[in-house]
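Structural overview for review
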Amino acid sequence: MKTTKCDYLIIGSGAGGSSVADYLLESGFSVLMIEEGDDYSSDNVPESALDGMTGMWRGGGLTPAFGSPTVTYAEARCFGGGTEINSGIMQRVPASILAEWGAISDEDQDFYNNKIHSHYEWVENTLNANVLDSSQDQHSQILKHAGESQGWRVESLPRAMTGCSCKQPLCVCGGKQAMTATLLKKNLINKKFSVLPRTRAKKLIFKNSLVTEVIAEESSSQGSTSKIRILPTTVFLCAGTIHTPHLLMKSGVNFPGLGRFQLHPTLKILAHFKDPVNAARQPLPNYAITEFMPDLRFGGSVVTPGVLGMAFAENWDARSYLKDQLDYLASYYVMIRPKSWGQIRSFKFAADPLVTYMLDSQDSELIAFGTEKLSNALFSVGAVSLHPSIKNHGGWETINSVKVDMLNKKLRDKLNLMSIHLFGSCSPLNNPTFLLNNGRIKGISNVILADGSCLPSAPGVNPQATIMSLARRNVIKYCEK
Ligand SMILES: Cc1cc2nc3c(=O)[nH]c(=O)nc-3n(C[C@H](O)[C@H](O)[C@H](O)COP(=O)(O)OP(=O)(O)OC[C@H]3O[C@@H](n4cnc5c(N)ncnc54)[C@H](O)[C@@H]3O)c2cc1C
């Protein structure tokens, strides 16, 4: 087995891992980063959307969590992590939620109520976060008008984007400020930075309270694998909300609360308008209806052939006629900040974790409330029919039919919810004895957590800016010591 030594080992190259690498390298340290996925940033760019889907997304797309109703979630598995496939919406957590998180400890109170904002500024400057002009984009404008028609608060969403010329639903011209376009690109020229893509950490080996070895598996582009033994001084665990606790459990670390996680359950509504929208040729809507925040938010989703295909497949008989109406379709969503928590579990002989998620009745009520409100607003701005992500649903043409369905509790089991936001699987809220602030775990002195797993609970907004801020805080705190 090949053996390699390093000072700082970072496992995972996403929003958290890249932020940690940046600070360590800026401080003059040597860093080895391993990433399970491939590097698609330069000559390895996927030639088609399908290659991108299968290569850059874990499991080739959406992964189902076991539970009721169905919730599927998406994760990246590539160099740069989720930032390579996401929409780059940058948001700060609302003050009311920061105050909740600040109540965890005195140190957290100062951090979440004050200090976090300097980290947010760093993120926003590093990623060129700005509000794009969407005055000519129907897909965006419909959402804005829908909110205004009801007298609701509508906000513009800043995005990590600069000089985008393609104006596609997902930027493909390099304007999006993913990690491979920003922090990783900047640091790859540093001789103290080594990266091993296609290398998955399989197990941390402990001696007393220290990780002394990490056993990883490297895959070649031809598909063969070989084991590597890495001997690090310090490990930053940045494998994302699902895989950080999974790796700890696979390594024999387990305690109550580990792997308990949240997501933002989201119901999509495909809207058919009488006038053309041309959503597939426009950027993602850059407004959100924030009237019911922090518990409920309405926004716009990307419209791509794959997304439409999934929506049609939910009830092909009732929806297939829409395939001749592509220019008249738009996609919006109802997203909640839930009370429910899911659980990540690992089993000895299974390489992947078991993820379960049950939506509690309060959360289904909130989704039903939001669906009725958003549907009403969409009808008021010219939608002729709405097709929610509910199994075998025939669609709505009037607000009355929405109201009837939303009172039908049996229909709630048929919701096809999804989430692209996952967090809190190593939250101090779930075990303050073992999960300490600043990403530390009681009894393990050289492992620091720095990714979505560290968020105390669901933020109610897009999480990347907060994940990067907390990762930066954790690495700074470690270096101070
Ligand atoms: C489609 C989509 C759209 C999104 N849109 C937005 C948005 O607009 N704004 C926003 O704020 N957020 C958005 N998000 C969420 C955001 O991208 C994630 O919250 C964020 O990237 C998570 O950062 P992370 O560091 O926790 O994990 P990730 O970015 O997922 O990085 C973890 C990395 O670790 C690697 N890894 C896992 N296990 C191992 C292992 N054992 N060994 C080695 N490597 C490993 C993974 O392959 C992955 O690359 C979106 C997400 C998706 C999927």
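As the structure is a computational prediction, the values presented were derived from the model and not from experiment. (Residues numbered from 1 in each chain as written. Predicted model: local features only at pLDDT ≥ 70, side-chain atom pairs only at ≥ 80, totals over all residues. Heavy atoms only, no water.)

1. So, the overall build of the protein chain
From N to C terminus, the protein chain includes twelve helices and 23 strands. Considering only C-alpha atoms, the protein chain reaches an extent of 65 × 45 × 45 Å along its principal axes. When the 481 residues of the protein chain are sorted by exposure, 56% land in the buried category. Counting contacts in the protein chain only where the partners sit at least 6 residues apart, residues at least 24 apart contribute 74% of the total. When the accessible area of the protein chain is evaluated, it comes to approximately 19600 Å², of which 51% is carbon and sulfur surface. (Helix = DSSP H or I, 4+ residues; strand = E, 2+ residues; numbered from the N terminus. Buried < 20%, exposed > 50% of the residue type's maximum accessible area, 1.4 Å probe, protein only. Contact = heavy atoms within 4.5 Å. Areas by Shrake-Rupley, 256 points an atom, 1.4 Å probe, with all protein chains shown as cover.)

2. Quick look at the side chain of Ser375
The residue Ser375 is located in helix H10 (residues 361–380) in this model. You can call Ser375 buried: its relative accessible area is 0%. Setting aside its immediate chain neighbours within four residues, Ser375 contacts Ile269, Leu386, Trp396, Ile399 and Val402.

3. Thoughts on the pairing of strand S11 (residues 225–237)
Judged from the nine bridges that link them, strand S1 (residues 2–11) and S11 form a sheet pairing that is parallel. Of the residues in S11, the one forming a bridge with Lys5 is Leu231. Here six bridges tie strand S10 (residues 210–219) to S11, and the two strands are oriented antiparallel to one another. Note on S11: the bridge partner recorded for Val214 is Ile230. (Pairing = 2+ DSSP bridges.)

4. Details of the domain arrangement of the protein chain
Under the domain assignment used here, the protein chain contains domain 1 (2–59 + 80–86 + 91–126 + 178–256 + 424–480) and domain 2 (130–171 + 266–337 + 360–414). Computed over C-alpha atoms only, the centres of domain 1 and domain 2 are separated by 32 Å. Taken residue by residue, the interface counts 14 residues in domain 1 and seven residues in domain 2. Between domain 1 and domain 2 lies a buried interface of about 750 Å² when both sides are counted; carbon and sulfur atoms form 54% of it. Residue Glu100 pairs with Arg337 through a salt bridge whose shortest N-O separation is 3.1 Å. In this assembly, domain 1 and domain 2 are joined by five residue pairs in polar contact (both at pLDDT 80 or more). Among the residues forming the side of domain 1 that touches domain 2, the class breakdown is seven nonpolar, six polar and one charged. (Domains from an automatic or database assignment. Buried area = accessible area lost by both parts, 1.4 Å probe. Salt bridge = Lys/Arg side-chain N within 4 Å of Asp/Glu carboxyl O. Polar contact = N/O pair within 3.5 Å; in protein donor to acceptor, adjacent residues only side chain to side chain. Nonpolar A, V, L, I, M, F, W, Y, C, P; charged D, E, K, R; others polar.)

5. Some remarks on the site of the ligand
Every one of the 38 residues lining the ligand counts as a neighbour, but Glu35, Gly82, Ile89, Gly452 and Gln464 are closest to it. Ala15 is positioned with one of its backbone polar atoms (N or O) 3.4 Å from an oxygen atom of the ligand. Here an oxygen atom of the ligand sits 2.9 Å away from a polar atom, N or O, in the side chain of Asn86. Protein burial of the ligand: of its 1000 Å² of free accessible surface, 94% is covered by the chains. Of all the secondary structure elements, the ones that give two or more residues to the shell around the ligand are helix H1 (15–26), strand S3 (57–65), strand S4 (70–76), strand S9 (199–207), helix H7 (240–250) and helix H12 (464–480). Per-element tally for the shell around the ligand: the top contributor is S9, with three residues. Its residues assigned to classes, the shell around the ligand comprises 15 nonpolar, 17 polar and six charged. (Near = heavy atom within 4 Å.)

6. Looking at the packing of helix H4 (residues 106–126) against H12
It is at 9 Å that the axes of H4 and H12 come closest, and there the two elements cross at 110°. Overall, the two elements H4 and H12 adopt an arrangement that is roughly perpendicular. Between H4 and H12 the crossing geometry is right-handed. In contact with Glu107, Asp108, Phe111, Tyr112, Ile116, His119, Tyr120, Trp122 and Val123 of H4, H12 contributes Ala465, Thr466, Met468, Ser469, Leu470, Arg472, Arg473, Ile476 and Lys477. (Axes fitted to C-alpha atoms, helices over the stretch in contact; angles between N-to-C directions. Parallel < 35°, antiparallel > 145°, perpendicular 65-115°, else oblique. Left-handed = near helix turned anticlockwise from the far one by under 90°.)

7. Focus: the sheet that holds strand S18 (residues 354–357)
Within the open sheet, the four strands sit side by side as S18-S17-S12-S21. Their pairing is antiparallel. Edge positions in the sheet fall to S18 and strand S21 (422–423), since each of these pairs with one other strand and no more. Summarising the sheet, strand S12 (residues 260–263) and S21 pair through two bridges and their orientation is antiparallel. Bridging across to S21, Gln262 finds its partner in Phe423. Packing of H7 onto the sheet brings it into contact with S12, strand S17 (342–345), S18 and S21, and relative to S17 it is tilted by some 45°.

8. Brief notes about the environment of Gly81
Turning to its location among the elements, Gly81 is positioned in the loop between S4 and helix H3 (95–102). Classification of Gly81 as buried rests on a relative accessible area of 9%. Distance in space between the C-alpha atoms of Gly81 and Cys171 is 16 Å, their sequence separation being 90 residues. The residues touching Gly81, leaving out its near neighbours within four places in the chain, are Ser13, Gly14 and Ala76.

9. So, the packing of aromatic side chains
Here the structure, examined in full by the defined rule, presents twelve aromatic pairs. Here Tyr8 and Phe236 contribute two aromatic rings whose centre-to-centre distance is 6.2 Å and whose plane-to-plane angle is 35°, an arrangement assigned as tilted. Of this pair, Tyr8 sits in strand S1 while Phe236 sits in strand S11, and the two are 228 residues apart along the sequence. Each member of the pair, Tyr8 as well as Phe236, carries the same accessibility label: buried. (Phe/Tyr/Trp six-rings, centres within 6.5 Å; stacked < 30°, edge-to-face > 60°.)

10. Observations concerning empty space enclosed by the protein
One pass over the structure, following the stated rule, counts one cavity of 30 Å³ or more. Computed from the structure, the largest cavity encloses a volume of approximately 90 Å³. What lines the largest cavity is a set of 16 residues, and nearest its centre among them are Pro428, Leu436, Asn437, Cys454 and Arg473. Of all elements in the fold, only H4 and H12 reach the threshold of two or more residues within the lining of the largest cavity. Class assignment of the residues belonging to the lining of the largest cavity gives a composition of nine nonpolar, four polar and three charged. (1 Å grid on protein atoms, 1.4 Å probe; cavity = no way out; pocket = protein on both sides within 12 Å on 5 of 7 lines; lining within 4 Å. Points joined across faces, edges and corners; volume = space filled by probe spheres on them.)

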